[in-house]
Amino acid sequence: MTLPAATSHAHGAYRGRFAPSPTGLLHAGSLVAALASWLDARAHGGQWLVRIEDVDAPRCVSGADAAILGQLAALGMRPDEPPVWQSGRVAHYEAALARLVASGWAYPCGCTRSDIAQALDPRGAPRARHADLVYPGTCRHGLRGRPARTMRLLVAPATAAPLDPLRIDWHDRRLGAQHQDVTAAVGDFVLRRADGLWAYQLAVVVDDAAQGITHVVRGEDLADNTPRQIHLQHVLGLPTPVYLHTPLVLGADGEKLSKQNGARPIDANAPMEVLRAAGHTLGLHVEGRDAAAWLASATTQWRNRWPE
Ligand code: GLU
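Because the structure is a prediction, the values reported are computed rather than measured.

S.K.: Describe the pattern of salt bridges, with residues and values.
M.R.: Summed over the entire model, instances satisfying the criterion amount to 17 salt bridges. The shortest N-O distance in the salt bridge between Glu53 and Arg51 comes to 3.0 Å. Assigned by exposure class, Glu53 and Arg51 land together as buried. A salt bridge links Arg51 to Asp208; the shortest N-O distance between them is 2.9 Å. Taken together, the positions of Arg51 in strand β2 (residues 47-52) and Asp208 in helix α6 (residues 200-210) put the pair 157 residues apart, joining distant regions of the chain. The exposure classification of Arg51 matches that of Asp208, with both residues buried. Through salt bridges with shared partners, one network takes in Arg17, Arg51, Glu53, Arg89, Asp207 and Asp208.

Shown next as structure tokens:
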């Protein structure tokens, strides 16, 4: 098991993306990530792509993909290449997993959620039902006769003792210097779920690399996934993009705005209001006669926002 030399930030012509999960229409919160990724690509004179992240099929809503593309187009944001659907890319995820298994980085795990909870706390103290459980590495050395459920990625430095910290240091253009001990925060994480579905972490890393993405601009709720993705890039020998995580729009309950706390789809019939609100979240104060003029001024202002 060897760790390829870390590849630094990707260079070359700018390629950015917006990667919505088609679980519903765009709302004020998801539009901020869409707009920021579009502005960043335009401000860099780069390409802007859209990738429909429909790997979690049970959560996807039929027709939401086309509706999202329609909402973006109504605001004047059209991808520079035909959109890519993750549901069509399964062979690539399988190939990446096979490489990780062959190099000793991925392994089968037979643990259920309650096995993990039990291993973490044999006294069985109650836990929040959806609290993240840090995987303690139970199946690292074999399944001990149990059937495989998931495939996990080893989170360990190549030369280290099994539970040594894996500290990932990374830079975010808005948040600054970031770090996470992935061992302590999540442990060996899932690449393919027990229901056979591909985990977001694997799909996003494989696709960002395949599409030559140099800059990732997305919502701040995803920032704590970034160290896992950087580790995966390192073990697959893929470049690490430049990251920018954008401010979140909060719902009335103070949580990230989502369908669950009442986010309504953006109203594409009122493009100026929609753009102004998203721009405001991004710290832009732009006026414009129409969406095209607004986007052009916003692109100019964006050039001084969160430089690399
Ligand atoms: N599909 C993810 C989401 O909608 C975004 C993934 C990403 O930008 O990396 O939350």
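S.K.: Which residues make up the packing of helix α3 (residues 90-102) against helix α7 (residues 226-236), and what values do they have?
M.R.: For any two helices packed against each other, the geometry comes down to the angle between their axes and how far apart the axes lie. Orientation of α3 relative to α7, taken along the N-to-C sense of each, is 70 degrees, at an axis distance of 11 Å. By the angle between their axes, α3 is roughly perpendicular relative to α7. On α7, the residues touching Ala96, Arg99 and Leu100 of α3 are Leu232, Val235 and Leu236. By residue class, the composition of the contact of α3 with α7 is five nonpolar, no polar and one charged.

S.K.: So what about the side chain of His245? Which residues, and what values?
M.R.: Summarising the element assignment, His245 is placed in strand β10 (residues 242-246). Under the relative-accessibility criterion, His245 is labelled buried at 0%. At 3.0 Å, the side chain of His245 and the side chain of Arg218 are in polar contact. Ignoring anything within four residues of it in the chain, the contact list for His245 reads Trp170, Asp172, Arg174, Leu175, Arg218, Gly219, Glu220, Leu222, Ala223 and Thr226.

S.K.: Just give me the short version of the site of the ligand, but keep the residues and values in it.
M.R.: Looking at the ligand, the residues that line it are Arg17, Ala19, Ser21, Glu53, Tyr200, Val204, Arg218 and Leu222. Within the contact set of the ligand, a nitrogen atom lies 2.7 Å away from a backbone nitrogen or oxygen of Ala19. Surface burial for the ligand is 79%, taken as the share of its 300 Å² of free accessible area covered by protein chains. Partitioned by chemical class, the residues of the shell around the ligand number four nonpolar, one polar and three charged.

S.K.: Describe the confidence of the model for the protein chain, with residues and values.
M.R.: On average, the protein chain scores 91 in pLDDT, and the residues at 70 or more come to 92%. Here residues 1-10 is modelled with pLDDT under 50, and outside its nearest four sequence neighbours on either side it reaches 25 contacts, counting other chains as well.

About the criteria used
Residues numbered from 1 in each chain as written. Predicted model: local features only at pLDDT ≥ 70, side-chain atom pairs only at ≥ 80, totals over all residues. Heavy atoms only, no water. Salt bridge = Lys/Arg side-chain N within 4 Å of Asp/Glu carboxyl O. Buried < 20%, exposed > 50% of the residue type's maximum accessible area, 1.4 Å probe, protein only. Helix = DSSP H or I, 4+ residues; strand = E, 2+ residues; numbered from the N terminus. Axes fitted to C-alpha atoms, helices over the stretch in contact; angles between N-to-C directions. Parallel < 35°, antiparallel > 145°, perpendicular 65-115°, else oblique. Contact = heavy atoms within 4.5 Å. Nonpolar A, V, L, I, M, F, W, Y, C, P; charged D, E, K, R; others polar. Polar contact = N/O pair within 3.5 Å; in protein donor to acceptor, adjacent residues only side chain to side chain. Near = heavy atom within 4 Å. Areas by Shrake-Rupley, 256 points an atom, 1.4 Å probe, with all protein chains shown as cover. pLDDT = per-residue confidence, 0-100.

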